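Residue strings, one per chain:
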Amino acid sequence: MLTIGELASYAGVTVRAVRHYHAKGLLPEPERDRSGYRRYDAGAAVELIKIRTLTEAGVPLARVRELLQAGEEEFATAVADIDKRLRAEIRQRQRHRERIARLAAGDSLTLPPEVVGYLDRLRALGVDERIVQAERDGWILLAAHSPERVPEWMARKREQIADPQLIDFFLTLSQALDRTAGDLRLDELADRLAAYITRLAEEKGEDYVDDIDIEPPLVKLMDTLAFGTVPSARRLIELLKERGWTGWTKLERVNPM
């Protein structure tokens, strides 16, 4: 016969847990012996181990009570269901672990491989890291919002990044990042960018230029990210509007101011 402390030790729980299971009606509470102690037999130890195993698996105490009173077939079916749920949770946690492990990879976090390759290409071309960061943050939002469209968007990006004129624009913007809003170089950059966009629209159609079909709040959020990372971008957009185009994330033709 076991004392409550010995029972708890055998089952791998605390004395407090044993008393809690008594209070919940899960484990019968034996009568006290002549010495005033409650004594438990091996059957109580087996039941307590079952209770501990089920509760550790996340089974609510009310359900534990039902299972302890169930027949062998019902109990086996319930345990199989619990095992299925646990295996699903393990797979989900494994996916979480894989994502956490990618934290050290920087851009790989939440970004598809083709986007990571595009960002690496920008870096290889000598584009300022602040511009790359603005691009990366925007792609994180886009990939989360419309993952099915990423391959389509990236195919166009790869095509565009092969254009020496666009590469030259990125490099010029990199040099203009720390310039003030009144710097004439921004005007020159706006001229070149407007000319490039106009040529692209004439050759491939305005739908090719304005291909980001997302809600205005997300466009605004992505613009805010870009303006926060590349302060001169806001002034560049103002200058671009004077030349017939507006927008950073989503380009649209407007009447020149």
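Here, the structure is the one placed above.
Everything quoted here is computed from the prediction, not taken from an experiment. (Residues numbered from 1 in each chain as written. Predicted model: local features only at pLDDT ≥ 70, side-chain atom pairs only at ≥ 80, totals over all residues. Heavy atoms only, no water.)

The next subject is the overall build of the protein. When you go through the protein residue by residue, the secondary structure sums to 13 helices and two strands. Taking 18 Å as the expected radius of gyration for a compact globule of 257 residues, we find that the protein reaches 32 Å, considerably beyond that expectation. With the principal axes as the frame, the protein shows a C-alpha extent of 100 × 35 × 35 Å. Here the protein holds 257 residues, and 37% of them are scored as buried. Within the protein, contacts between residues at least 6 apart in sequence are counted, and of these 58% link residues at least 24 apart. Carbon and sulfur atoms make up 52% of the accessible area of the protein, which amounts to about 15,200 Å² in all. (Helix = DSSP H or I, 4+ residues; strand = E, 2+ residues; numbered from the N terminus. Rg over C-alpha atoms; globule rule 2.2 N^0.38 Å. Buried < 20%, exposed > 50% of the residue type's maximum accessible area, 1.4 Å probe, protein only. Contact = heavy atoms within 4.5 Å. Areas by Shrake-Rupley, 256 points an atom, 1.4 Å probe, with all protein chains shown as cover.)

Running from N to C, helix α1 (residues 4–11) and helix α2 (residues 15–23) point in directions that differ by 100°, and their axes come no closer than 8 Å. It follows from the interaxial angle that α1 and α2 lie roughly perpendicular. Touching I4, G5, L7 and A8 of α1 are V15, V18 and R19, all from α2. Grouping the amino acids of the contact of α1 with α2 by side-chain chemistry returns five nonpolar, one polar and one charged. (Axes fitted to C-alpha atoms, helices over the stretch in contact; angles between N-to-C directions. Parallel < 35°, antiparallel > 145°, perpendicular 65-115°, else oblique. Nonpolar A, V, L, I, M, F, W, Y, C, P; charged D, E, K, R; others polar.)

In this section: empty space enclosed by the protein. A full pass over the atoms with the stated rule returns one cavity of 30 Å³ or more. Estimated volume of the largest cavity: approximately 770 Å³. Residue lining of the largest cavity: 33 residues in total, with E135, K157, W248, T249 and L251 positioned closest to the centre. Elements represented by at least two residues in the lining of the largest cavity include exactly α7 (129–145), α8 (150–161), α9 (164–176), α10 (184–204), α11 (206–209), α12 (216–229) and α13 (232–241). When residues in the lining of the largest cavity are grouped by element, the largest group, six residues, is from α7. Of the residues in the lining of the largest cavity, the class split is 24 nonpolar, four polar and five charged. (1 Å grid on protein atoms, 1.4 Å probe; cavity = no way out; pocket = protein on both sides within 12 Å on 5 of 7 lines; lining within 4 Å. Points joined across faces, edges and corners; volume = space filled by probe spheres on them.)

Count 3.6 residues to each turn of an α-helix, and residues three or four apart come out pointing the same way. The terminal C-alpha atoms of α10, which comprises 21 residues, lie 30 Å apart, in line with the 30 Å expected from a rise of 1.5 Å per residue. For α10, the set of buried residues is L186, L189, A190, L193, A194, Y196, I197, L200 and A201. Down the axis of α10, the sector holding all buried residues measures 165°, keeping them to one side. Turned more than 90 degrees away from the buried face of α10, the exposed residues are L184, E202 and E203. (Expected span 1.5 Å × (residues − 1). Arc of directions from axis to C-beta.)

Right, let's talk about the pattern of salt bridges for a bit. Enumeration over the complete set of coordinates arrives at 19 salt bridges. Of the charged contacts, one joins R39 and D33 as a salt bridge, the two residues approaching to 2.9 Å between their closest N and O atoms. On the accessibility criterion, D33 (28% relative accessible area) is partly exposed. Ionic contacts of the salt-bridge type, sharing partners, join the residues D187, D191, E242 and R243 into one network. (Salt bridge = Lys/Arg side-chain N within 4 Å of Asp/Glu carboxyl O.)

So, on to the side chain of Q160. Counting through the fold element by element, Q160 comes out in helix α8. What makes Q160 buried here is its relative accessible area of 16%. Contact partners of Q160, with chain neighbours within four places excluded, come to L166, Y196, L200 and Y208.

With that settled, the discussion passes to the nonpolar core. Counting residues in hydrophobic clusters, the biggest one holds 45 residues, and the most contacted among them are Y118, L122, W139, F170 and L240. For this core, the secondary structure elements donating two or more residues are α6 (113–124), α7, α8, α9, α10, α12 and α13. When residues in this core are grouped by element, the largest group, nine residues, is from α10. Filtering out sequence-adjacent residues up to four positions away, W139 remains in contact with L111, V115, Y118, W153, M154 and K157. The next biggest cluster of nonpolar side chains, apart from the first, holds 23 residues, and it includes L2, L7, L27 and L67. (Core = buried A, V, L, I, M, F, W, Y, C linked by side-chain atoms within 4.5 Å.)

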